[in-house]
Amino acid sequence: MNSYEPWSAARAAEIIAANVGCEGPALPILHAIQAAFGFVPEAVEPMIADALNLSRAEVHGVVTFYHDFRRKPAGRHVLKLCRAEACQSMGGERLAARAEAALGISLGETTADGRVTLEPIYCLGLCATAPSAMLDGRVVARLDEARLDRLVAEAQR
Amino acid sequence: MNTRLFIPCDAGAVAVGADDVAAAFQAAALARGVTLDIVRNGSRGLYWLEPMVELDTAEGRVAYGPVAAEDVPALLDAMLAGELHSLLVGPTEDIPWLKRQTRLTFARCGVVDPRSLDDYRVHGGYRGLERALALGAEAIIEEVVQSGLRGRGGAGFPTGVKWRTVAAAAASQKYIICNADEGDSGTFADRMILEGDPFVMIEGMTISGIAVGATRGYLYIRSEYPHAVAAMETAIQTARASGYLGRRIAGSAYDFDMEVRVGAGAYVCGEETALLESLEGRRGVVRAKPPLPAHKGLFGQPTVINNAISLATVPWILAEGAAAYRDFGMGRSRGTMPIQIAGNVKHGGLFEVAFGVTLGELVDEIGGGTASGRPVRAVQVGGPLGAYFPRALFDTPFDYEAFAGKDGLIGHGGIVVFDDTVDMARQARFAMEFCALESCGKCTPCRIGSTRGVETVDRIIRGDEREKNLVVLEDLCHTMKFGSLCALGGFTPYPVMSALHHFAEDFGVTPPVREAAR
Ligand SMILES: Cc1cc2nc3c(=O)[nH]c(=O)nc-3n(C[C@H](O)[C@H](O)[C@H](O)COP(=O)(O)O)c2cc1C
Ligand code: SF4
Ligand code: FES
């Protein structure tokens, strides 16, 4: 399970200050913010803009460009299913549909109880043991229906 | 002496249970009152055998696999008693799949403990740097040029020539960037080397820095690779603490330091100029060239950007000499290529071999055909921008020019195998969908064309004005190919058109006569 800190502007300011000194600090800051809060709250955008001497629109543009950065909190568990070609060749699409049916949501959505976010991912570099997935940062490969069902059940806990 | 085991910490092994296997060995050892030395090595790349456990014996390492945690108690008993076990594969070095390879770049991967600088040095590490320091900047570049090494990131540009350009540029600050964004499906060579032999990455970047006069390096790793990020961060700290990064590296007059930067899930950031934008903290939008990154790269300074495998090969070239590397290969493709065999294949993994091996050998002999046991129908070579090859083209040798001659590309060396259940119209649709999803948005043919492409393939699949829409699709591909700034929009037509040309029946088109006549 992922545990995140509640939003705190003071904590965000601390994170920004800790990273602002490096070359090209925007992505390191955004990663650190997301690691702390589980997403990139809108309230942090003007703070980053100030610290980096950018416009708010520029920061917003960066946040929205990258698939990794979430604009709203994720579920307690994040299950990412690989949708790229090597996983497709081993039935990954069928497994993705099965997970969607089991959770009652589509890829990219979070269950109503806030437990599980299901996301597509495009290759985990586990293509010789496809199909692959990642549950809260833990990699799992050689998925079949039984293993996927166990993974989904684990995510729902 | 304690019993010594090697159990990979490679993400590919961990994903199929290697951590559980290691824990099971610890528990079983405790229950038997024996002590085990467990080394968490990288993977040898024989993924169908992962988790592959190796036992250190007087005659060398012996491999067992694929090992499940449940197998461990009986397996440990057999190991301790010197008895045979059904999971025994044999002496690792004698496994034909490994024996048939020419491991230069991957010589140490799966052999050494990736956390140990001593182990790295014992296995030939830092010999390349030693020779580089003796040669000096100009001679290093000459050596890399002479080796014939071409960029392993896809474009195949001669690495030494790129370095020469950066060396010739005058600037107070230059940079070395290692591109480990490895977004292509079917590829995992970068991941394996970062996790299994991280010091070679540091050595390669350091040599590059000395050659061109750069003192700072960035290693850009995709966020989908957390294990690689952790392995590299640990190795960088160790190298720094041991005088291999920082001021006056290895007691020389040169300074070089580097850090890891993590991507954020954008495929296009593997494109070198988008990667620069990303490192600078902006949207990963592709820059028009010129200026080349070699002239105006990171923060406007002269910059070397090389793929991880290009850089990881440099220490071998320096240590063994350009001629030794150039002796392998065919035509203008010199040396070896770590080929990644993936997808629906029986024996998938990393196979490093001299250029010239044919696609058919790779898929049928080395890969052993499909995992499903059904006939191989198509293979996609070179990632999501690479062409689909039918069996009829399996005599194509692995070589940059030979693949280009067949309207394909070798890219980063990934091969994805599909059996006869594949629907090639759906694969063509996916290629367009992926392009639409990942387009940086700078050019219209890529941004709009890919979305139009998805719709058009959908109409073809539905049989909606099929003849007309096939012409629309060809036109769209033509526009994307010639009107796109980078290879995302420019090469997406490869998988689409190859699917259409070689597997027309999946698009509801009557097979051409030559196909029917066979
Ligand atoms: C859409 C796109 C994605 C790319 N992704 C990668 C990548 O993940 N890794 C890589 O090394 N090169 C990638 N490239 C190629 C780079 O632009 C560049 O050619 C390469 O990093 C140069 O290094 P090399 O000469 O050592 O191959 C990509 C190119 C494009 C157009
Ligand atoms: S081809 Fe696509 S990804 Fe490449 S620069 Fe143009 S819009 Fe961006
Ligand atoms: S394609 Fe799914 S892990 Fe690479």
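Residues numbered from 1 in each chain as written. Chains lettered and ligands numbered in written order. Predicted model: local features only at pLDDT ≥ 70, side-chain atom pairs only at ≥ 80, totals over all residues. Heavy atoms only, no water.

Asks: Please clarify how the interface of chain B and chain A should be interpreted in this entry.
Replies: Across the contact, 62 residues belong to chain B and 37 residues belong to chain A. Together, the buried faces of chain B and chain A total about 3700 Å²; carbon and sulfur atoms form 57% of this surface. Counting the surface chain B buries against chain A, the share from its top three residues, A264, R283 and F430 of chain B, is 16%. Our count for the contact surface shared by chain B and chain A stands at two salt bridges. For R216 of chain B, the salt bridge is made with E23 of chain A, and the minimal N-O distance between the two is 3.4 Å. On inspection of chain B and its partner chain A, the count reaches 29 residue pairs in polar contact (both at pLDDT 80 or more). Within the residue set of the side of chain B that touches chain A, elements represented by two or more residues are α1 (11-14), β7 (216-221), α11 (226-241), β8 (257-262), α12 (272-279), β12 (336-343), β16 (414-419) and α17 (424-438) of chain B. Of all the elements, α17 of chain B adds the most residues to the side of chain B that touches chain A, at six residues. The residue makeup of the side of chain B that touches chain A, split by class, is 32 nonpolar, 18 polar and twelve charged. (Contact = heavy atoms within 4.5 Å. Buried area = accessible area lost by both parts, 1.4 Å probe. Salt bridge = Lys/Arg side-chain N within 4 Å of Asp/Glu carboxyl O. Polar contact = N/O pair within 3.5 Å; in protein donor to acceptor, adjacent residues only side chain to side chain. Helix = DSSP H or I, 4+ residues; strand = E, 2+ residues; numbered from the N terminus. Nonpolar A, V, L, I, M, F, W, Y, C, P; charged D, E, K, R; others polar.)

Asks: Just to check I follow, could you spell out the pairing of β7 of chain B for this structure?
Replies: Each regular strand displays side chains that alternate between the two surfaces of the sheet. Residues and elements named next belong to chain B. Among the six residues in β7, five count as buried, and that is most of the element. Bridge analysis of strand β6 (residues 175-180) against β7 gives six bridges, and the strand direction is parallel. From the neighbouring strand, N179 faces β7, where its bridge partner is Y220. Bridge analysis of β7 against β8 gives six bridges, and the strand direction is parallel. Looking at β8, one finds that Y220 is bridged to R261. Handedness of the crossover joining β7 and β8 through α11 is recorded here as right-handed. (Buried < 20%, exposed > 50% of the residue type's maximum accessible area, 1.4 Å probe, protein only. Pairing = 2+ DSSP bridges. Right-handed = clockwise from strand over helix to strand, strands pointing away.)

Asks: What am I meant to see in the sheet that holds β8 of chain B here?
Replies: The pairing of strands in a sheet comes from backbone hydrogen bonds and takes either a parallel or an antiparallel form. All names here are of chain B. Spatially, the four strands line up as an open sheet ordered β8-β7-β6-β9, and their pairing is parallel. Two strands close off the open sheet at either side, each with one partner strand: β8 and β9 (303-307). Put simply, the sheet's adjacent strands are angled 20 degrees from each other on average, direction ignored. Sitting on the sheet, α11 is in contact with β7 and β8, with an inclination near 165 degrees to β8. (Axes fitted to C-alpha atoms, helices over the stretch in contact; angles between N-to-C directions.)

Asks: I keep staring at the domain arrangement of chain A and nothing clicks. Help me out?
Replies: It is common to give the size of an interface as the accessible area that goes away when the parts come together. Under the domain assignment, chain A is made up of domain 1 (9-65) and domain 2 (77-156). The C-alpha centroid of domain 2 of chain A is placed 29 Å from the C-alpha centroid of domain 1 of chain A. (Domains from an automatic or database assignment.)

Asks: Before we go on, may I ask you to explain the nonpolar core in this structure?
Replies: Across soluble globular proteins, nonpolar side chains have a tendency to be buried as a group. All names here are of chain B. Grouped together as the largest cluster of nonpolar side chains are 170 residues, with contacts concentrated most on F25, W163, M201, I202, L219 and I221. Looking at which element gives the most residues to this core, the answer is helix α10 (residues 198-212), with nine residues. If we ignore the near neighbours within four places in the chain, the residues touching M201 are C178, I193, L194, L219, M232, A308, L311 and A312. Of all hydrophobic cores here, the second largest spans 34 residues; its members include L46, W97, L359 and V379. (Core = buried A, V, L, I, M, F, W, Y, C linked by side-chain atoms within 4.5 Å.)

Asks: Sorry if this is basic, but what is going on with helix α7 (residues 145-156) of chain A here?
Replies: Helical geometry note: an α-helix holds 3.6 residues per turn, so side chains three or four residues apart project in the same direction. Between the first and last C-alpha of α7 of chain A there are 16 Å, a value that for twelve residues agrees with the 16 Å anticipated at 1.5 Å per step. Looking at the buried positions of α7 of chain A, the neighbouring elements they touch are β1 (77-82), α6 (92-103), β2 (116-121), β3 (133-135) and β4 (138-140) of chain A. (Expected span 1.5 Å × (residues − 1).)

Asks: Is there a simple way to think about the packing of helix α6 (residues 127-135) of chain B against helix α13 (residues 308-320) of chain B in this case?
Replies: Geometry of a packed helix pair, given as the angle between the helix axes and the separation of the axes. Residues and elements named next belong to chain B. The interhelical angle for the contact between α6 and α13, taken along N-to-C directions, is 60 degrees, at an axis separation of 7 Å. Relative to α13, α6 is oriented so that their crossing is left-handed. On α13, the residues touching R127, G128, R131, A132 and L135 of α6 are P315, I317, L318, A319 and E320. (Left-handed = near helix turned anticlockwise from the far one by under 90°.)

Asks: Help me out: how do you make sense of empty space enclosed by the protein in this one?
Replies: If you roll a probe as big as a water molecule over the atoms, it shows you where there is empty space left. In total, this model carries five cavities of 30 Å³ or more according to the counting rule given. If you trace the largest cavity, you find 13 residues lining it, with S439, C440, C443, C446 and C486 of chain B closest to the centre. What the second largest cavity holds in volume is close to 50 Å³. Secondary-structure elements contributing two or more residues to the lining of the second largest cavity are β1 and α6 of chain A. Ranked by the residues each element gives to the lining of the second largest cavity, the list is headed by α6 of chain A, at three residues. When its residues are assigned to classes, the lining of the second largest cavity shows seven nonpolar, two polar and no charged. (1 Å grid on protein atoms, 1.4 Å probe; cavity = no way out; pocket = protein on both sides within 12 Å on 5 of 7 lines; lining within 4 Å. Points joined across faces, edges and corners; volume = space filled by probe spheres on them.)

Asks: Mind showing me how you'd approach the site of ligand 1 here?
Replies: Residue and element names in this part refer to chain B. Around ligand 1 sit 18 residues in total, of which G153, E272, N306, N307 and S310 are the nearest. With respect to ligand 1, the side chain of K162 contributes an N or O atom lying 3.0 Å from an oxygen atom. G270 is positioned with one of its backbone polar atoms (N or O) 3.2 Å from a nitrogen atom of ligand 1. Isolated, ligand 1 exposes 610 Å² of accessible area, and the fraction of that covered by the protein chains is 91%. Of all the secondary structure elements, the ones that give two or more residues to the shell around ligand 1 are β9 and α20 (487-491). Top contributing element to the shell around ligand 1 by residue count: β9, with three residues. Across the shell around ligand 1, the residue classes break down as four nonpolar, eight polar and six charged. (Near = heavy atom within 4 Å. Areas by Shrake-Rupley, 256 points an atom, 1.4 Å probe, with all protein chains shown as cover.)

Asks: What should I look at first to understand the environment of R191 of chain B in this one?
Replies: Along the chain, R191 of chain B turns up in helix α9 (residues 189-196). Along the primary structure R191 of chain B and D458 of chain B are separated by 267 residues, whereas in three dimensions their C-alpha atoms are 35 Å apart. Not counting residues up to four positions away in its chain, the partners in contact with R191 of chain B are L124, G125 and L126 of chain A together with D10, A11, G12, Y47, E182 and Y225 of chain B. A polar contact of 3.0 Å, which involves the side chain of R191 of chain B, links it to the side chain of D10 of chain B.

Asks: What exactly am I supposed to notice about the pattern of salt bridges here?
Replies: One side chain can pair with another of opposite charge once the charged atoms of both are near each other. Residue and element names in this part refer to chain B. Going through the model one piece at a time under the given rule, you end up with 49 salt bridges over all chains. For R100, the salt bridge is made with E365, and the minimal N-O distance between the two is 3.1 Å. Here R100 is found in the loop between α4 (96-99) and α5 (117-122), whereas its partner E365 is found in helix α15 (residues 359-366), with 265 residues between them in sequence. Of the charged contacts in the structure, one is a salt bridge between K289 and E271, with a shortest N-O distance of 3.9 Å. One end of the pair, K289, is in the loop between α12 and β9; the other, E271, is in the loop between β8 and α12, with 18 residues separating them in the sequence.

Asks: How do you make sense of the site of ligand 2 when you look at a structure like this?
Replies: All names here are of chain B. If you check the shell around ligand 2, you find 13 residues, and the closest are C440, K442, C443, C446 and C486. Its atoms largely coinciding with the cavity grid, ligand 2 occupies the largest cavity. A breakdown of the residues in the shell around ligand 2 according to their chemical character gives eight nonpolar, four polar and one charged. (Sits in = over half its atoms within 2 Å of the grid points.)

Asks: Teacher, can you tell me more about the domain arrangement of chain B here?
Replies: All names here are of chain B. The domain boundaries assigned to chain B delineate domain 1 (3-99), domain 2 (117-326), domain 3 (329-419) and domain 4 (424-507). Inter-centroid distance (C-alpha atoms) of domain 3 to domain 4 is 23 Å. If you look at the interface, domain 3 gives 15 residues, while domain 4 gives 15 residues. Taken together, both faces of the contact between domain 3 and domain 4 bury some 1200 Å²; the carbon and sulfur share is 69%. It is R377, L385 and Y388 in domain 3 that bury the most area against domain 4; as a group they hold 52% of the surface buried on that side. On the surface where domain 3 and domain 4 come into contact, there are two salt bridges. Applying the counting rule to domain 3 against domain 4 returns four residue pairs in polar contact (both at pLDDT 80 or more). Broken down by secondary-structure element, the contributors of at least two residues to the side of domain 3 that touches domain 4 are β14 (376-381) and β15 (388-390).

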